[in-house]
Amino acid sequence: MGQYYKDVAAQALKRREAAIPKEYLLPEESIQNLPLNLTTVPKTSGHFTHEELEILDTNAEDIIFKIKNRLWTSVEVTKAFCKASIVAQQLTNCLTEILFPEALARAQFLDEYLEKNGQVVGPLHGLPISLKDCMITPPHPSSIGMACYANEATIPEQETVLVSILAKLGAVFYVKTTVPVAMMMMETISNVWGETNGAYHSGTSSGGSSGGEGVLLAMRGSPLGVGTDIGGSIRIPSAFNGLYGLKPTFGRFPVFGTKSGISGQDFIYSNNGPMSRSLEALKLYCGAVLSTESSPWDLDPKCLPVPWRGDVITPPSRKLRFGIIPDNDGEISVHPPIVRGLAMTRKALEAAGHEVFIWEPLNHPAMTQEMNSSFYTLGAAAILELTNEHDEPVFPSMRNYEEHYLKGEHGTLGPTKLREMITKRNGYQKEYLDAWLKTGGDGRGTMDGIILPSSPWTAPRLGFTQEVFCVNFTGVFNLLDYPVCTFPVSFANKDLDKKRTGWKPLNEKDAALQADYDPEFYHGTPITLQCVGRRMEDEKVLEMTGIIVEALKNLP
């Protein structure tokens, strides 16, 4: 048994506190009687200058343009986001490592380079980018919410490949963000860093496992962030915080060197992808990383040599065919605001001339069960043997890992069981592909994409997912390995989104989830949906998302 986890946490928290410039903190009087919607605080606090607020309100693609054209410097932009990230930390507890000295030195170098050479170092020149904690940025620790790694320095040889690529493209790294234990919960809480609360409602979850990224972006403490996703870890925080978040097809983006909660497993692939308040920022990021100049496929053997392709929907004006899952997946029903968001999206698309039809969620509950079960089987020993080193208690939503561990799943997995798991997964993938292709015929094209909820909640109350855990609407597409992008639609409205009446739950879990819905409590939380495409159609997914968003803008 090593050092007790509370002592480890105290050391990590002390390091974080020491790295915070005190002048960046909101004064004590500004954090009294805070509103539930914390995203309003930066503007109303008087803590930021007009120039700083202008920077924080500007999308990533426009920040890059202004730096390139010398309207702003990278130093002033970086300082603004450093300050905003500390305010976000103060209000939501979203940061792990704070990298301000090297960030400002890097920004200064980039400004001087532009001044001297008259050109930028790359398409992300001078842009502050926040990173999920699992991205290794030597010498800083990468704790992934576990005491065993919380104070462990990293070395240059460990740097995540994506981090190296983004640096060469001109990015400035200034903060790393919170995750749950081993990144295997749908809310962000750990025995090291504590709990990260929501931005639009401080009594709700930030989501997980990229929860720190989600709230930092919602609080305008970052213009563009990088998350990872193995069961919904980009999309759930993006949904709870009203963001665009891309879970790509595995192999499109480099993953080598990213710290994993269940290292070595390839049954369900983990991906990394961009998160932002701007869809155009996602496109900019994808084009920069997946360029022939970056050639990430020469740095990661798992990365496919497929550069990012633009304008894949041809002709651009053609009408699309969408399947939609409007209420439940056969096991879990969504809260009333999500139902309204789906109806709004369908109405908007049909008004724009697109076809929308009901899509049967083929095997969704079974695939979710298969994914969760694989995590318990493959992750029990991988996680528990590390958390036990420092006597870390197990959170309720991770009890299944502990139960599997205690049954004797000590890092062993028989070949027969593994073959059965792979055979079942492959069967689900083939059935879904066949069903998708059958949507074509009779003179109509094949379904272009699927629209469905990101989660049954807009953003659940803090702690609720510890007992009612549900990744049904995201996890299936990790097992299928389909690209998905979230998109914001609206916000919950207590006057429009009343509790269900005359409704029969599908099961006990469904009943518990609906019983939690309170129109007053959830008022103002984001309604965010997902757009799904087939494997390797990542570009098309972002283009379809843009078409959906434009249609929603024109909805009366």
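Described below are features of the structure shown in this document. (Residues numbered from 1 in each chain as written. Predicted model: local features only at pLDDT ≥ 70, side-chain atom pairs only at ≥ 80, totals over all residues. Heavy atoms only, no water.)

## Some points on the environment of Arg-425
Inference 1: You can see Arg-425 is positioned in helix α14 (residues 415-437).
Inference 2: Under the relative-accessibility criterion, Arg-425 is labelled buried at 13%.
Inference 3: Spatially, the C-alpha atoms of Arg-425 and Val-192 are 35 Å apart, while their sequence positions differ by 233 residues.
Inference 4: Aside from chain neighbours lying at most four places away, what touches Arg-425 is Asp-266, Phe-267 and Leu-479. (Helix = DSSP H or I, 4+ residues; strand = E, 2+ residues; numbered from the N terminus. Buried < 20%, exposed > 50% of the residue type's maximum accessible area, 1.4 Å probe, protein only. Contact = heavy atoms within 4.5 Å.)

## A short note on the pairing of strand β10 (residues 355-358)
Inference 1: Two strands pair when backbone bridges link them, and strand β9 (residues 321-324) and β10 are joined in this way by four bridges, in the parallel orientation. Bridge assignment links Phe-322 to a residue of β10, and that residue is Val-356.
Inference 2: In this fold, the crossover linking β9 to β10 by way of helix α11 (residues 336-351) has right-handed handedness. (Pairing = 2+ DSSP bridges. Right-handed = clockwise from strand over helix to strand, strands pointing away.)

## A few points about the packing of helix α4 (residues 60-68) against helix α10 (residues 279-289)
Inference 1: Contact geometry for α4 and α10: axes closest at 7 Å, N-to-C directions at 65°. Residues Ala-60, Glu-61 and Ile-64 of α4 touch α10, and the partners they reach there are Glu-280, Ala-281 and Leu-284. (Axes fitted to C-alpha atoms, helices over the stretch in contact; angles between N-to-C directions.)

## Focus on the packing of aromatic side chains
Inference 1: Across all of its chains, the model carries 16 aromatic pairs by this definition.
Inference 2: Here Tyr-376 and Tyr-401 contribute two aromatic rings whose centre-to-centre distance is 5.1 Å and whose plane-to-plane angle is 90°, an arrangement assigned as edge-to-face. In this pair, Tyr-376 sits in helix α12 (residues 364-387) while Tyr-401 sits in helix α13 (residues 399-406), placing the two residues 25 residues apart along the sequence.
Inference 3: Note on Tyr-376: relative accessible area 13%, which makes it buried.
Inference 4: Taking NZ or CZ as reference, Lys-259 lies 3.6 Å from the ring centre of Tyr-149, over its face. (Phe/Tyr/Trp six-rings, centres within 6.5 Å; stacked < 30°, edge-to-face > 60°. Lys NZ or Arg CZ within 6 Å of the ring centre and 35° of its normal.)

Any functional reading would require information beyond the geometric quantities listed.
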